Amino acid sequence: MILLSCVVAGIMVGLAAGGRLAALSGLRLRGEGALVLWLLFQGVLPLLSGTGAGRQALYWIWVASYPVLIAVCLRNARVPGMAIATAGLALNVLVILLNSGMPVMPDAVRVAGGKALAIASGDFAHVVLSTATHLPWLADIVPIPGPVGVHGVASVGDLLLASGLAATVASAVLPSQ
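Here the residue numbering is sequential within each chain, running from 1 through the sequence in written order. Local features are withheld for residues below a pLDDT of 70 in this predicted model, meaning they are given only at 70 or higher, and side-chain atom pairs are given and counted only at 80 or more; totals for whole chains, interfaces and linings count all residues. The side-chain numbers reported here are obtained from all heavy atoms of the structure, hydrogens and water having been left aside.

Some remarks on the packing of helix 1 (residues 2-16) against helix 6 (residues 156-173)
And then number 1: For helices, the axis comes from a line fit to the C-alpha atoms of the stretch in contact; other axes are also lines fit to C-alpha atoms, and the angle between any two N-to-C directions lies between 0 and 180 degrees. Put simply, DSSP H or I for four residues or longer makes a helix, DSSP E for two residues or longer makes a strand, and each gets a number counted from the N terminus. Two elements in contact, helix 1 and helix 6, have axes whose closest approach is 7 Å; the angle formed by their N-to-C orientations is 35°. Note on packing geometry: the crossing formed by helix 1 with helix 6 is right-handed. Residues Ile 2, Leu 3, Cys 6, Val 7, Gly 10, Ile 11, Val 13, Gly 14 and Leu 15 of helix 1 form the contact with helix 6, whose own contacting residues are Leu 159, Leu 161, Ala 162, Leu 165, Ala 166, Val 169, Ala 170 and Val 173.
And then number 2: Charged residues are taken to be Asp, Glu, Lys and Arg, nonpolar residues to be Ala, Val, Leu, Ile, Met, Phe, Trp, Tyr, Cys and Pro, and polar residues to be all remaining types, Gly included. When its residues are assigned to classes, the contact of helix 1 with helix 6 shows 15 nonpolar, two polar and no charged. By convention, the crossing between two helices is left-handed when the near helix turns anticlockwise from the far helix through less than a right angle, and right-handed when the turn is clockwise. Whether two residues are in contact is decided by their heavy atoms, any of which lying within 4.5 Å being enough.

This is the structure we're talking about:
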C-alpha cells in the first residue's frame, strides 16, 4: 500500500510543479516489465504461508527476488529516484538475510494502529524484533498510522524504496527541461 501511495504522491508533486499526467506515459525503464512483475511478486508472495520445507522454500524464493529487483533498478540508476529505490531494496534484503525474515517492532505496530503483534504461523517473511535482532535500525520500526488497510510499519529500506519510486514518478510527470 505504501508504494501505491507514493506513486500517487509522485503524480501529485509532478502535477503541482506544472507537469502533465500524460507525460507519465513517456517513462521508459530498462526491464520495466520485469520490474512491475517482480514488485507484484514481492507484494503477493508474503501473503502465502507454509510450514516446514514449504515455508523455507517460500522464504528463499522471496529472498531470491531481491537481486532481480536490484539488478533492474541498477540498470536504471540514471533515472531520477531509481538509485534511492535500489538502496532501499538493498537495505531490506540485508536485514532480511541477517535475521531470516524482516524483523517487526511490536510497539511500532501498536502505534500504527494495529493490535498486538502476532506473527502468523507459516509467515516466512517476518520475525519479531528482539535483542537478538541484527541491524535493528533497518527493521520495520517506523509506524505509519492510518485507517484499517492503510496503516502499517515500515523500514528505512521501505521508506527509501517508496521515496525513490515517488521521485521517479514525479520526474516523469514534470515538463522536460
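Focus: unusual backbone geometry
And then number 1: In this structure, Ser 100 is a non-glycine residue whose phi angle is positive, near 55°.
And then number 2: Note that Ser 100 resides in the loop between helix 4 (82-99) and strand 1 (102-104).
And then number 3: For Leu 135, which is not glycine, the phi torsion reads 50° and is therefore positive.
And then number 4: The residue Leu 135 is located in the loop between strand 2 (126-128) and strand 3 (142-144) in this model.

Considering the packing of aromatic side chains
And then number 1: Stacked, tilted and edge-to-face pairs are distinguished by plane angle, under 30 degrees for stacked and over 60 for edge-to-face with tilted covering the rest, among Phe, Tyr and Trp rings (Trp via its six-membered ring) whose centres lie within 6.5 Å. By the definition in use, this model includes five aromatic pairs.
And then number 2: Arranged with centres 5.9 Å apart and planes meeting at 75°, the rings of Trp 62 and Phe 124 form a pair that is edge-to-face. Highlighted residues: Trp 62 in helix 3 (residues 52-75) and Phe 124 in the loop between helix 5 (106-112) and strand 2, separated in sequence by 62 residues. Considered together, Trp 62 and Phe 124 belong to a single accessibility category, that of buried residues.
And then number 3: In textbook terms, an aromatic cluster arises when at least three aromatic residues are bridged by ring pairs, as seen for Tyr 59, Trp 60, Trp 62, Tyr 66 and Phe 124. Residue burial is assigned from relative accessible area. The probe radius is 1.4 Å, only protein chains are included, and a residue is buried under 20% of its type maximum, exposed over 50%, and partly exposed in between.

Considerations on the confidence of the model for the protein chain
And then number 1: Per-chain confidence: the protein chain averages 89 in pLDDT, with 97% of residues scoring 70 or above.
And then number 2: A residue's pLDDT is the predictor's confidence in that residue, given on a scale from 0 to 100. By mean pLDDT, the top-scoring element of the protein chain is helix 4 (97), and the lowest-scoring one is helix 2 (residues 32-44) (82).

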